[in-house]
Protein chains: 2
Amino acid sequence: MSILVVGSVAFDDLKTPTKQAENVLGGAATYFALSASFFTDVNVVAVVGEDFTDKERQVFDERPVDLSGLETMKGKTFRWGGEYSSDLTQRKTLFTELGVFESFQPRIPDHFRKSSLVFLANIHPTLQLDVMKQVEQPRLTGADTMNYWIERTPEELASMLKSIDVLVINDEEARQLAGEHNLVKAASNIRSMGPSTLVIKRGEYGVLCFREKERFATVSFPLETVVDPTGAGDSFAGGFMGYLANREAQDDRVVRQAIIFGSVLGSFCVEDLGTERLQRLSRDEVYERYQEFKDLTDFASL
Amino acid sequence: MSILVVGSVAFDDLKTPTKQAENVLGGAATYFALSASFFTDVNVVAVVGEDFTDKERQVFDERPVDLSGLETMKGKTFRWGGEYSSDLTQRKTLFTELGVFESFQPRIPDHFRKSSLVFLANIHPTLQLDVMKQVEQPRLTGADTMNYWIERTPEELASMLKSIDVLVINDEEARQLAGEHNLVKAASNIRSMGPSTLVIKRGEYGVLCFREKERFATVSFPLETVVDPTGAGDSFAGGFMGYLANREAQDDRVVRQAIIFGSVLGSFCVEDLGTERLQRLSRDEVYERYQEFKDLTDFASL
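Residues numbered from 1 in each chain as written. Chains lettered and ligands numbered in written order. Predicted model: local features only at pLDDT ≥ 70, side-chain atom pairs only at ≥ 80, totals over all residues.

### As for the nonpolar core
A:Val5, A:Phe240, B:Val5 and B:Phe240 are the most contacted members of the largest nonpolar core, which totals 187 residues. Apart from the residues within four sequence positions on either side, A:Val5 is in contact with A:Ala29, A:Phe32, A:Ala33, A:Val42, A:Val44, A:Phe119 and A:Ala121. (Core = buried A, V, L, I, M, F, W, Y, C linked by C-beta atoms within 7 Å. Buried ≥ 20, exposed ≤ 12 C-beta atoms within 10 Å, placed from the backbone. Contact = placed C-beta atoms within 7 Å.)

And the structure:
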């Protein structure tokens, strides 16, 4: 089954304590698509400028990613620059140039409208809702959002939340959205806003998942080398939703496995700058690390 | 088998966002002993002042805890006051009055010297070493320490680390001791200083464990109500070491189970002020939450 992702494709300038580079391929839809492509066909809807070249397209073309929803507009591709602190716990935005992304109006190509799963990456909630109107009853819809929309477009966000199944956000966003520090209480609040499944990403600490009668918690994979946290959350979402798209059932058991696959993709993402590690990642490595994740955390089957 | 713990017994003044109280029973050895007592006989060596009454003794007497190593000295029991921020992530020490603890010289009673396991709670590393000289080849020795000793008594700490098997510290202490932010690298550094097993407590985020060929990672049990984090780390250590004392083998499998039992005790500890929750905790509840921990985290046996 295929998954549709709508979000940003960008050029990033990245400065980390160990590596740096300019104009590297980035954006939430990029990390999501590359990660999801290990499990399923991915349909991308995004916008880029005239500076987007065949070199960047090729990164997607090597995977089962359909770029026929990637619109090229007159102007420049969305650009973002970020710098990380020496311990990688703090990130400073150096610049944001929206470019053609500012006037992004997602248009879903006809052959994408029947995608089984849909993921609305972090864009204006009104655009997220607009995508929902263009697709034909996906089996499952997931979404991300951020502090910017929580603060500035609460009503539009509330409407969006009513129309999705799975919200994938980080712990600070969950706290802000719920107005509650305790994540267990915050999860109840947020689930009452619409999404039946809430997945809370906690960066280097792991993931919490809340569903009807289900709670699942897991760690992040401990890494000796972390180069660049950029895109880790979107890679998690891609691995998570991509694995779900690949499975018939979406029960608690499969959702748990999907969260581990999401964590695996997130852990690979941070091992090199930008999408470098994802680009040279193999399916075998993904499944090997899933097994390592089991070995790392299992006490139940002992 | 029995476990010997040497550390502080104290009176605490605690201020949390939801509850507060003065003169409540506290101290590392207290939390440790109460938690370990669910699994094994506990021998306590500590010092208190003349203000320590039968009321406090009774808390221990209801459990398999032997207080014959609890020395009463002329003067006042160690007192500590702490206040937590509204989200419980920050703690401010309001006062510290060492009292009789200042001249604490651990004397191990004869019938404690053959304790199978020994735990050196957070005291001066020279005193920890002194305890090691008084005991007769315990099967396993664990220890805790803190930033104070890492900064001020590095040589004494280095000697202590050479003589123990298991170091149980928190993530910030691990980073400081190793001079390395990345915990995987920090763990290698610390294990080369002596302890073959390193257990890193990450508060609300969980626990990492590093051994020869073994890495284990787990989450903390998500709680809807957290009243008071005081003593959570010592309760973890007590549950962890207590469970180990109860088991013949100390292989990777048993150590993993011990870490979960430690986490279970830590999670109960924070549910009420001071030792209140531990005092009314039952063995059935401990084993029930161990099972809930399995249900919460298991994906390997699915």
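### Observations concerning the confidence of the model for chain A
Looking at chain A, the pLDDT average stands at 97 and 100% of residues meet or exceed 70. The ipTM, which scores confidence in the relative placement of chains, is 0.95 for this predicted complex, and the corresponding pTM is 0.96. (pLDDT = per-residue confidence, 0-100.)

### Considerations on helix α3 (residues 125-134) of chain B
Every α-helical turn comprises 3.6 residues, leaving residues that sit three or four positions apart pointing alike. Residue and element names in this part refer to chain B. Turning to α3, its buried residues number three or more, namely Pro-125, Gln-128 and Val-131. One side of α3 carries all its buried residues, which in axial view fall inside an arc of 110 degrees. Where the residues of α3 are buried, they touch β1 (2-6), β8 (117-120), β9 (140-143), α4 (147-152) and α5 (154-162). (Helix = DSSP H or I, 4+ residues; strand = E, 2+ residues; numbered from the N terminus. Arc of directions from axis to C-beta.)

### Observations concerning the sheet that holds strand β9 (residues 140-143) of chain A
Residues and elements named next belong to chain A. Ordered in space as β5-β4-β1-β8-β9-β10-β11-β12-β13, the nine strands form an open sheet in which the pairing is mixed. At either margin of the open sheet sits one strand with a lone partner, and together these are β5 (65-72) and β13 (215-218). Averaged over all pairs of adjacent strands, the angle between their axes in this sheet comes to 15 degrees, without regard to strand direction. Looking at chain direction, strand β12 (residues 207-210) and β13 are connected through four bridges and run antiparallel. Paired with Cys-209 across the two strands is Phe-216, which belongs to β13. (Pairing = 2+ DSSP bridges. Axes fitted to C-alpha atoms, helices over the stretch in contact; angles between N-to-C directions.)

### Thoughts on the interface of chain A and chain B
Facing the 30 residues of chain A at the interface are 30 residues of chain B. The residue inventory of the side of chain A that touches chain B, partitioned by class, reads 15 nonpolar, seven polar and eight charged. (Nonpolar A, V, L, I, M, F, W, Y, C, P; charged D, E, K, R; others polar.)

### Observations regarding the pairing of strand β6 (residues 78-84) of chain B
Residue and element names in this part refer to chain B. As paired strands, strand β2 (residues 10-15) and β6 are joined by six bridges and run parallel to one another. Following the sheet pairing, Ala-10 is matched in β6 by Phe-78. Of the pairings in the sheet, the one linking β6 to strand β7 (residues 91-97) comprises six bridges and is antiparallel in character. Looking at the pairing, Gly-81 lines up with Phe-95 of β7.

### Comments concerning the packing of helix α8 (residues 232-246) of chain B against helix α9 (residues 252-269) of chain B
All names here are of chain B. With their axes 7 Å apart at the nearest point, α8 and α9 run at an angle of 145 degrees to one another. Where α8 crosses over α9, the two elements pack in a sense that is right-handed. Of the residues in α9, those touching α8 at Ala-232, Ser-235, Phe-236, Ala-237, Gly-238, Gly-239, Phe-240, Tyr-243 and Leu-244 are Val-254, Gln-257, Ala-258, Ile-259, Phe-261, Gly-262, Ser-263, Val-264, Leu-265, Gly-266 and Cys-269. The residue makeup of the contact of α8 with α9, split by class, is 13 nonpolar, seven polar and no charged. (Left-handed = near helix turned anticlockwise from the far one by under 90°.)

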